[in-house]
Amino acid sequence: MRKNTILIASHNPGKVSEIAELLSPFAMTVLSAAELDIVEPEETGSTFAQNAILKAEHCRDVSGLVSLADDSGIEVAALGGAPGIYSARWAGPNKDFNVAMARIEKELQATSPDGQPDRRANFKCALAFAVPGQKTQVFEGRVDGTLVWPMRGTLGFGYDPVFQPLGFAKTFGQMDQHKKHRMSHRAGAFGKLLAAKPWDTLWS
Ligand code: IMP
């Protein structure tokens, strides 16, 4: 276990730099799975937490380093929580989220003969912090909202143009991104991680 070093279990440069920025007050060296040529494991879990643990523990076991992974997605109440852990996979091999958002709307309409489906949805994020020889800790965040159609806004990524958080008139795709990042499911999970500072007892 290398002192003051955290390995981010992701190949997504955007995700890695966002996490590195969040960890910047703690003076740590942040490495990524891509830099160390660590191949991502198959996400075989049935919850966000299980998939985050799987990714973090894989990186920890391969590298011997303290590792951090996240897993996230959108859950639609009327679809029994789908796409959930399959959120990225619903966009297909071309990662086309217009296709994924249209599929949600089609399946939502099919649930309601009167054209008034239950439009409640939420994003969830699970963060897993894995340390050699210790039980992995998980921190979770959630944001609740409503699905709109047609999609609105071009900011953000993934399902942002169809998700309007409760109490707001704009979708995540229309909202100032700093504002989104302060209220998002990821912010919730990171808030808990940063409050717990699980690395504090490791290197002192
Ligand atoms: P992951 O990178 O395997 O965790 O995949 C998460 C997927 O969930 C992404 O590809 C997005 O489709 C979706 N997702 C997660 N967080 C957000 C968000 O903040 N906005 C929009 N889509 C999101």
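These notes cover the structure that comes with them. All values derive from a computational prediction rather than experimental measurement.

1. What to know about the site of the ligand
Residues in close proximity to the ligand total 15 residues, the closest being Lys15, Phe97, Asp160, Lys180 and Arg186. Contacts to the ligand include Tyr159, whose backbone N or O atom sits 3.2 Å from a nitrogen atom. Here Asp160 contributes a side-chain N or O atom positioned 2.6 Å from a nitrogen atom of the ligand. Within the complex, the protein chains bury 88% of what would otherwise be the 490 Å² of accessible surface of the ligand.

2. Section: the nonpolar core
In this structure, Ile6, Leu23, Leu68, Phe129, Leu193 and Trp199 are the most contacted members of the largest nonpolar core, which totals 19 residues. Judged by nonpolar contacts, the second largest core, of 18 residues, contains Val76, Ile104, Tyr159 and Val162.

3. Some words on the sheet that holds strand β6 (residues 163-165)
Overall, mixed pairing links the six strands, which are arranged β2-β1-β3-β4-β5-β6 in an open sheet. Of all the strands in the sheet, just β2 (29-32) and β6 have a single pairing partner and so form its edges. Taking each pair of neighbouring strands and ignoring which way they run, the sheet shows an average axis angle of 35°.

4. Considerations on helix α1 (residues 13-23)
Residues three or four positions apart in an α-helix share a direction because the helix packs 3.6 residues into each turn. Along α1, the positions that sit buried rather than exposed are Val16, Ile19 and Leu23. Summarising the axial view, the buried residues of α1 lie within an arc of 70°, below the 170-degree limit, and thus occupy one face. Every exposed residue of α1 that faces more than 90 degrees away from the buried side is listed here: Pro13 and Glu21. In this structure, the buried residues of α1 make contact with β1 (5-8), β2, β3 (66-76) and α5 (185-196).

Cut-offs and rules
Residues numbered from 1 in each chain as written. Predicted model: local features only at pLDDT ≥ 70, side-chain atom pairs only at ≥ 80, totals over all residues. Heavy atoms only, no water. Near = heavy atom within 4 Å. Polar contact = N/O pair within 3.5 Å; in protein donor to acceptor, adjacent residues only side chain to side chain. Areas by Shrake-Rupley, 256 points an atom, 1.4 Å probe, with all protein chains shown as cover. Core = buried A, V, L, I, M, F, W, Y, C linked by side-chain atoms within 4.5 Å. Buried < 20%, exposed > 50% of the residue type's maximum accessible area, 1.4 Å probe, protein only. Pairing = 2+ DSSP bridges. Helix = DSSP H or I, 4+ residues; strand = E, 2+ residues; numbered from the N terminus. Axes fitted to C-alpha atoms, helices over the stretch in contact; angles between N-to-C directions. Arc of directions from axis to C-beta. Contact = heavy atoms within 4.5 Å.

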